[in-house]
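Spelled out from the first residue to the last, the chains are:
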Amino acid sequence: MSAPDSASHRPGEPEKAAAALSADRSLGQLVAHATSELSALVHDEIALAKVQIMKDVKKGVAGSAAFIVALTLALFSLPMLSFALAYGIRSWSGWHISVCFLLSFAASRIVAGLFALIGLVLFKKAQKGRGPQKAAAAAKADASVLSNAKPHPRPETPELEKFPPLARKGGEEADGASAVARSSS
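Residues numbered from 1 in each chain as written. Predicted model: local features only at pLDDT ≥ 70, side-chain atom pairs only at ≥ 80, totals over all residues. Heavy atoms only, no water.

A. Examining the overall build of the protein more closely. Scanning the protein from N- to C-terminus turns up six helices and zero strands. Start at the N end of the protein and walk to the C end: the helices and strands fall as α-α-α-α-α-α. Taking all 185 residues of the protein together, the buried fraction comes to 5%. The long-range fraction of contacts in the protein, counting pairs at least 24 apart against all pairs at least 6 apart in sequence, stands at 11%. Total accessible area computed for the protein in this model is approximately 16000 Å², and 68% of it derives from carbon and sulfur atoms. (Helix = DSSP H or I, 4+ residues; strand = E, 2+ residues; numbered from the N terminus. Buried < 20%, exposed > 50% of the residue type's maximum accessible area, 1.4 Å probe, protein only. Contact = heavy atoms within 4.5 Å. Areas by Shrake-Rupley, 256 points an atom, 1.4 Å probe, with all protein chains shown as cover.)

B. Representation of the packing of aromatic side chains. Within this structure, the stated rule accounts for two aromatic pairs. Relative to F101, the ring of Y87 lies with its centre 5.8 Å away and its plane at 80 degrees, an arrangement referred to as edge-to-face. Taken as a pair, Y87 in helix α3 (residues 27–93) and F101 in helix α4 (residues 97–129) lie far apart in primary sequence, 14 residues in all. (Phe/Tyr/Trp six-rings, centres within 6.5 Å; stacked < 30°, edge-to-face > 60°.)

C. Examining the confidence of the model for the protein more closely. Within the protein, residue pLDDT values average 75, and 59% of them lie at 70 or more. Per-residue pLDDT, averaged within each element of the protein, yields its smallest value for helix α1 (residues 2–7) (48) and its largest for α4 (90). Scored below 50 in pLDDT, residues 1–8 makes nine contacts in the model with residues more than four places away or belonging to other chains. In this model residues 167–185 is a low-confidence stretch, pLDDT under 50, and it forms 20 contacts with partners more than four residues away in sequence or in other chains. (pLDDT = per-residue confidence, 0-100.)

D. Fine view of α3. Helix length check: α3 (67 residues) gives 95 Å between terminal C-alpha atoms against 99 Å at 1.5 Å per residue, within 8%. At L78, α3 shows its maximal kink, close to 30 degrees; a proline, P79, follows between one and four residues later. The first or second residue beyond α3 is G94, which carries a positive phi of 85 degrees. (Expected span 1.5 Å × (residues − 1). Bend = angle between axes of the 7 residues up to and from the residue.)

E. Broad picture of the side chain of S104. Topologically, S104 is positioned in helix α4. Using a relative accessible area of 0% as the deciding quantity, one classes S104 as buried.

F. View of the environment of S93. Positionally, S93 belongs in helix α3. A relative accessible area of 25% means that S93 is categorised as partly exposed. For S93, the side chain forms a polar contact with the main-chain nitrogen of W95, separated by 3.3 Å. (Polar contact = N/O pair within 3.5 Å; in protein donor to acceptor, adjacent residues only side chain to side chain.)

G. A look at a nonpolar patch on the surface. A surface patch of nonpolar side chains, about 360 Å² in accessible area, is lined by L38, L41, V42 and I46. Checked against the element boundaries, V42 lands in helix α3. (Patch = residues over 30% accessible without salt bridge, like charges linked within 9 Å, V, L, I, M, F, W, Y side chains within 5 Å. Salt bridge = Lys/Arg side-chain N within 4 Å of Asp/Glu carboxyl O.)

Shown next, in the form of structure tokens:
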């Protein structure tokens, strides 16, 4: 094995080194190696996705907390706005202070009603969209199509019929016999 390793360090000969390495391995060993590499790649991709999702969730939680604090402060500042509006009406018009507070209350109710109407319109639009129902229907349609799908017919090759089928996990084969999977060397 030292010859392929030394050949891989020569400039212009990495293809020969790869060919020499692959010639030393049997087909079964190559398939097993490719399968293990693919499995490791899938596991690494899943781990990467988990890390990225956790980062996004942490950022979302921090943003939500800041938004909740801002809304709380805005809610507690509304009485001050109401008082400022009432005293501003009094200084501008000279009316009695109780009338000014009633006008301030009415203005707050009108603004709240406008926001309620906007929210109602947006809620009705979201209800008409039926996004989750559409997604569920599309998933059911895909599942029904895939359940009726048939595999693509492949031509039979007589060279493959002389090899015994590969053993399943636990040593059982498809026909119940226990044969050993052999690979060509």
